[in-house]
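Each chain, written out:
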Amino acid sequence: MSGDLSARFRALWDEIAPVGRDPDSGGYLRYALTEPERELRAWFRAQAERRDMPVTEDGNGNLFAHWGDPEASDAVLTGSHFDSVPHGGAYDGPLGIVSAFLAVDELRAAGVTPGRPLVLGAFVEEEGARFGVPCLGSRLLTGALSAERAAGLRDAAGVSFAEALGDRPAGARPELLGRFGAFVELHVEQGRALVDTDAPVAVASAIWPHGRWRFDVVGEGNHAGTTRMADRRDPMLTYAFTVLAANKEARLRGAHATVGRVAVEPNATNAIPSKVTGWLDARAADPQTLTGLIDAVRGKLAERARRDGTEVTVTEESATPLVAFDGGLAERLATLLDAPVLPTGAGHDAGVLAAHLPTAMLFVRNPTGISHSPAEAATDDDCAAGVRALAGVLEELTCA
């Protein structure tokens, strides 16, 4: 059956490719628990039903399709997420879910009967693009985030997570989490290391520590034409300095700093802003470097605010420590697949689950090296190679 796997991948992929695509940018607007993502969740249920895999929910928005007894323990979990960043690429997230269904097809066609249950997962709000906290579904499931805090998170329109979910989130589900014996997440590569190594698939070694910090800068709104430069308390100046300072400090430390989101009040061309809010995404290879970066930015921000006559509040919205995936499992899978082992600076649900059960990640080559953008790509043949690799890994883990 695997001889036409590239064509079967394309056929299944084409079922979801139009969902949530913006006709102008070519990117995707698949925010958690909005209509496009709900359509994909319905597609997930239909694919599971087609394969006689019962679907359960955990009360936090996460979906699970079961090959085997849903109540059994020591299951191998695989999957990813459907939601996207604003105008993001097609493969980030959904590739891991489509590949998981096709891996089940491969195993069944080969006559494989798992000795351990196999579960396919679709996690909610991995990107944090709607409610501000990445990996929200997996954080709730594991108890890394409380149900109380999650329920009150609000999107840009003021809709709370509880309202979007249709109920109060269940929060930590230790009895469900305890049924999983391992997690494997397949994901498109978010870089171009595999292009350089000429390999279609890799195994992850670690996820850099990373987080998101919100900077609220308050000044004095005033008239752009009548307010003397010396009399201004302009929060935009403080904010702009912060962006440049974060860039400089990250480069000095070999870290990553990105400010890709900003909100301005009153957002008028001929008015000095009264408030500017910016969000900093910061990442580094080790916790000490990340802490040093944030401390340096905080210090420079406070100094600049004093000069500008503005007031600044810094809020840590999320933080993820260094995640070193199970070394024995990564080495085992790299040997099985004859694949390179690579670190990543991108966050994933696998990074949250790794604190609770043996976890591994597979990456599929991205020829552009671009992610979180419509230019994100993967060839059908490489995606088929990823399916074969995932099928081999799942067979190894469920039948050993």
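In what follows, the structure referred to is the one given above.
Keep in mind it's a predicted model, so treat the numbers as computed, not measured.

Attention now goes to the nonpolar core. Nonpolar side chains tend to gather and get buried jointly when the protein is soluble and globular. Counting residues in hydrophobic clusters, the biggest one holds 57 residues, and the most contacted among them are Trp13, Phe44, Tyr91, Leu95 and Leu120. A total of 10 residues in this core trace back to one element, the largest contributor, which is helix H13 (residues 380-399). Contacts of Leu120, omitting those with residues within four sequence positions, involve Phe44, Met53, Leu63, Phe64, Ala65, Leu77, Thr78, Ala100, Phe101 and Val104. Ranked by size, the runner-up nonpolar core spans 23 residues in total, among them Phe183, Ala202, Ala204 and Val323.

Pairing between the strands of a sheet comes from backbone hydrogen bonds, and it takes one of two forms, parallel or antiparallel. Sheet architecture is open: 4 strands sit in the order E9-E11-E7-E12, paired in antiparallel fashion. Either end of the sheet is taken by a strand with one partner, and the two such strands are strand E9 (256-265) and strand E12 (311-320). On average, each strand axis in the sheet is tilted by 15 degrees relative to the strand beside it, whichever way the strands run. Pairing geometry for strand E7 (residues 210-218) and E12, over 9 bridges, is antiparallel. Within E12, the residue paired with Arg214 across the bridge is Thr315. Seen against the sheet, helix H9 (residues 235-253) touches E7, E9, strand E11 (275-283) and E12 and runs at an angle of roughly 170 degrees to E9. The strands touched by helix H10 (residues 287-308) are E7, E9, E11 and E12; relative to E7, the strand with the most contacts, the crossing angle is about 5 degrees.

Once that is clear, we can look at the pattern of salt bridges. Across all of its chains, the model carries 24 salt bridges by this definition. When the shortest N-O distance is used, the salt bridge between Arg10 and Asp380 registers 2.7 Å. Taken as a pair, Arg10 in helix H1 (residues 5-16) and Asp380 in helix H13 lie far apart in primary sequence, 370 residues in all. Taken together, the shared-partner salt bridges in this structure form one network comprising Arg214, Asp216, Lys275 and Glu317.

Summarising the element assignment, Thr227 is placed in the loop between strand E8 (222-223) and H9. Relative accessible area serves as the criterion here: at 11%, Thr227 is assigned to the buried category. Reaching out from Thr227, the side chain makes a polar contact with the side chain of Asn222 at a distance of 3.1 Å. Within polar-contact distance, the side chain of Thr227 engages the backbone oxygen of His223 at 2.7 Å. Setting aside anything within four residues of it in sequence, one finds Thr227 in contact with Asn222, Arg232 and Ile272.

Turning next to the environment of Gly171. Mapped onto the fold, Gly171 is located in the loop between helix H6 (161-165) and helix H7 (174-177). Each C-alpha atom, one on Gly171 and one on Arg116, is 26 Å from the other, the two residues being 55 residues apart in sequence. Once residues within four sequence positions are removed from consideration, Gly171 is found in contact with Asn60, Leu140, Leu141 and Ala147.

Between its first and last C-alpha, H1 extends 17 Å over 12 residues, near the 16 Å set by a 1.5 Å rise per residue. What H1 keeps buried is the set Leu5, Ser6, Arg8, Phe9, Leu12, Trp13 and Ile16. When H1 is viewed along its axis, its buried side chains cluster within an angular range of 160 degrees and face the same direction. Those residues of H1 that are buried lie in contact with helix H2 (35-50), helix H3 (94-109) and H13.

So, about unusual backbone geometry. Cis geometry marks the peptide bond from Glu265 to Pro266, where omega comes out at 5 degrees. With a phi close to 60 degrees, His87 is a non-glycine residue in the positive phi region. Its relative accessible area of 33% is what places His87 among the partly exposed residues. In the Ramachandran plot, Asp338 falls in the positive-phi region, its phi being about 50 degrees despite a non-glycine side chain. Residue placement: Asp338 occurs in the loop between helix H11 (327-337) and strand E14 (341-344).

Turning our attention to the packing of H1 against H13. The contact between H1 and H13 brings their axes to 8 Å, and the two run at 100 degrees. The orientation of H1 with respect to H13, classified from their angle, is roughly perpendicular. Along its contact with H1, which presents Leu5, Ser6, Phe9 and Arg10, the element H13 presents Asp380, Asp381, Cys383, Ala384, Val387 and Arg388. The class makeup of the residues in the contact of H1 with H13 is 5 nonpolar, 1 polar and 4 charged.

Calculation rules
Residues numbered from 1 in each chain as written. Predicted model: local features only at pLDDT ≥ 70, side-chain atom pairs only at ≥ 80, totals over all residues. Heavy atoms only, no water. Core = buried A, V, L, I, M, F, W, Y, C linked by side-chain atoms within 4.5 Å. Buried < 20%, exposed > 50% of the residue type's maximum accessible area, 1.4 Å probe, protein only. Helix = DSSP H or I, 4+ residues; strand = E, 2+ residues; numbered from the N terminus. Contact = heavy atoms within 4.5 Å. Pairing = 2+ DSSP bridges. Axes fitted to C-alpha atoms, helices over the stretch in contact; angles between N-to-C directions. Salt bridge = Lys/Arg side-chain N within 4 Å of Asp/Glu carboxyl O. Polar contact = N/O pair within 3.5 Å; in protein donor to acceptor, adjacent residues only side chain to side chain. Expected span 1.5 Å × (residues − 1). Arc of directions from axis to C-beta. Parallel < 35°, antiparallel > 145°, perpendicular 65-115°, else oblique. Nonpolar A, V, L, I, M, F, W, Y, C, P; charged D, E, K, R; others polar.

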